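Okay, here's what each chain looks like letter by letter:
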Amino acid sequence: MSEASGQSRWRVWARLLRLPNLLTVPGDPLAGFLLVTQGYDSLLPGLWAAVASVCFYAAGLIVNDLCDIETDRRERSERPLPSGQIRPLAAVVAALVLRGVGQGVVCRLDPQAWWIGFMLVMTIFLYNLGFKGIPGIGALTMGTCRGLSVMLGASAVPATEPFSAALLLAVATLAGYIAAVTHIARREVSTTNIGEERWIPAIVLVFGFALIARIQVFGSIPAWLGFSGAFLLAGIVTLEVASMLAAASHPRQRDATPWMVPYMVGLLISGLLLIQAGFIMVAGAGDTGILAGLILIGLWPLHRIFSKRFPPS
């Protein structure tokens, strides 16, 4: 295989796996892990949970495209599977390998993580195999996947006390946010204009910010500033998207709406990095949390750069 063809093959798989979105996955279990341990334990179990979550997410993306291959032949014929750039059998094998690696990694963690990982895999497959086609239920199922990803990190170490309110709030915020984004994403190939639901991601952020700021004790000024800055940036992203979707709903712009929605969905997905950074910085993990949060914020422009080459939606 030539170098050029090897690079082309890599790009095709990167499109199938939606490379930019993979960047948004590790922050879920890391947030859950640090909210439980507050940085007092080794970060290694949290990193293992992040690896497992990425494997489960990638496997789910492949299964999603396998289930949608006939629909994609009509609506997204350029995608790797309907275009024939990747054979379905190769995709099946890749999904099984990723799922197996993820479950194997989970076995290195506390036994409760195995059950959370199993629940996450089952929820992903339920979404792909039918729930995604049910209005409302599909979006909630996808949100549940993100919530379980946070819980995977939280369960990576033995629980010495009940889960904190901050952890449960992080689970609810990330799950609610991605459920709202998934609901909006259902319109990406539709000519139906998006109504008031375009504001739901911003509303979820407002409630998440307000509640965590009320119940969490901030260990330092940098933690407070980092948390506030991350949520402010995420809020700007969601409000900008809502504003652009409102402009697209104008009668003169209706033809542009189907083309704008995938871009807007990608922008909303990138906001996950900022939300995760906020929760990590507020976890009370000291310098570890601040550094991890800053890394996630730094990944946000990288997500936007990759999104120009590999569509995230």
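First, a word on what this report is: a plain description of the structure on this page.

The rules behind the values
Residues numbered from 1 in each chain as written. Predicted model: local features only at pLDDT ≥ 70, side-chain atom pairs only at ≥ 80, totals over all residues. Heavy atoms only, no water. Helix = DSSP H or I, 4+ residues; strand = E, 2+ residues; numbered from the N terminus. Buried < 20%, exposed > 50% of the residue type's maximum accessible area, 1.4 Å probe, protein only. Contact = heavy atoms within 4.5 Å. Axes fitted to C-alpha atoms, helices over the stretch in contact; angles between N-to-C directions. Parallel < 35°, antiparallel > 145°, perpendicular 65-115°, else oblique. Left-handed = near helix turned anticlockwise from the far one by under 90°. Nonpolar A, V, L, I, M, F, W, Y, C, P; charged D, E, K, R; others polar. Patch = residues over 30% accessible without salt bridge, like charges linked within 9 Å, V, L, I, M, F, W, Y side chains within 5 Å. Areas by Shrake-Rupley, 256 points an atom, 1.4 Å probe, with all protein chains shown as cover. Salt bridge = Lys/Arg side-chain N within 4 Å of Asp/Glu carboxyl O. Phe/Tyr/Trp six-rings, centres within 6.5 Å; stacked < 30°, edge-to-face > 60°.

**Regarding the overall build of the protein chain**
Then comes step 1: When helices and strands are tallied, the protein chain shows 13 helices and zero strands.
Then comes step 2: Going from the N terminus to the C terminus, the protein chain shows its helices and strands as α-α-α-α-α-α-α-α-α-α-α-α-α.
Then comes step 3: Counting only residues that meet the buried cut, the protein chain has 51% of its 313 residues in that class.
Then comes step 4: Across the protein chain, every contact between residues at least 6 apart in sequence was considered, and the portion connecting residues at least 24 apart equals 75%.

**Comments concerning the packing of helix H6 (residues 88-106) against helix H7 (residues 111-128)**
Then comes step 1: It is at 9 Å that the axes of H6 and H7 come closest, and there the two elements cross at 160°. Here H6 lies roughly antiparallel to H7, going by the angle between them. Every pair of crossing elements has a handedness; the one defined by H6 and H7 is right-handed. Side by side, H6 and H7 meet where Arg99, Gln103 and Val106 of the first sit next to Ala113, Trp114, Gly117, Phe118 and Val121 of the second.
Then comes step 2: Within the contact of H6 with H7, the residues separate by chemical class into five nonpolar, two polar and one charged.

**Here's the deal with a nonpolar patch on the surface**
Then comes step 1: Where nonpolar side chains cluster on the molecular surface, the patch consists of Leu89, Val92, Val93, Leu96, Val97 and Val101 and spans about 540 Å² of accessible area.
Then comes step 2: Owing to a relative accessible area of 61%, Leu89 belongs among the exposed residues under this scheme.

**Here's the deal with the pattern of salt bridges**
Then comes step 1: Counting across every chain of the model gives five salt bridges.
Then comes step 2: Residue Asp28 is joined to Arg146 by a salt bridge in which the shortest nitrogen-to-oxygen separation is 2.6 Å. Highlighted residues: Asp28 in helix H3 (residues 27-37) and Arg146 in helix H8 (residues 137-154), separated in sequence by 118 residues.
Then comes step 3: Between Asp65 and Arg79 there is a salt bridge, with the nearest N and O atoms lying 2.6 Å from each other. Taken together, the residues Asp65 in helix H4 (residues 44-67) and Arg79 in the loop between helix H5 (69-75) and H6 connect sequence positions 14 residues apart. Note on accessibility: Asp65 and Arg79 belong to one class, buried.

**A word on H3**
Then comes step 1: Within H3, 10 of the 11 residues are buried, leaving the element largely enclosed by the surrounding structure.
Then comes step 2: Among all positions in H3, only Gly27, Asp28, Pro29, Leu30, Ala31, Gly32, Phe33, Leu34, Leu35 and Thr37 are buried.
Then comes step 3: The positive-phi residue at the C-terminal boundary of H3 is Gln38, with phi of around 55°.

**A short note on the packing of aromatic side chains**
Then comes step 1: Evaluated as defined, the whole model comprises nine aromatic pairs.
Then comes step 2: The interplanar angle of 85° and the centroid separation of 5.5 Å between the aromatic rings of Phe231 and Phe279 together place this pair among those described as edge-to-face. Residue Phe231 is located in helix H11 (residues 221-248), and its partner Phe279 is located in helix H12 (residues 257-281); the two are separated by 48 residues in the primary sequence.
Then comes step 3: Judged by its relative accessible area of 5%, Phe231 is buried.
Then comes step 4: Take Phe279: its relative accessible area is 0%, and that puts it in the buried class.
Then comes step 5: The structure contains a cluster of three or more aromatic residues connected by ring pairs, namely Phe209, Trp224, Phe227, Phe231 and Phe279.

**Some words on the side chain of Thr173**
Then comes step 1: For Thr173, the position within the fold is in helix H9 (residues 165-185).
Then comes step 2: When sequence neighbours within four positions are dropped, the list of residues in contact with Thr173 reads Val204, Gly208, Ile275 and Phe279.

Distances and angles like these do not, on their own, reveal function.
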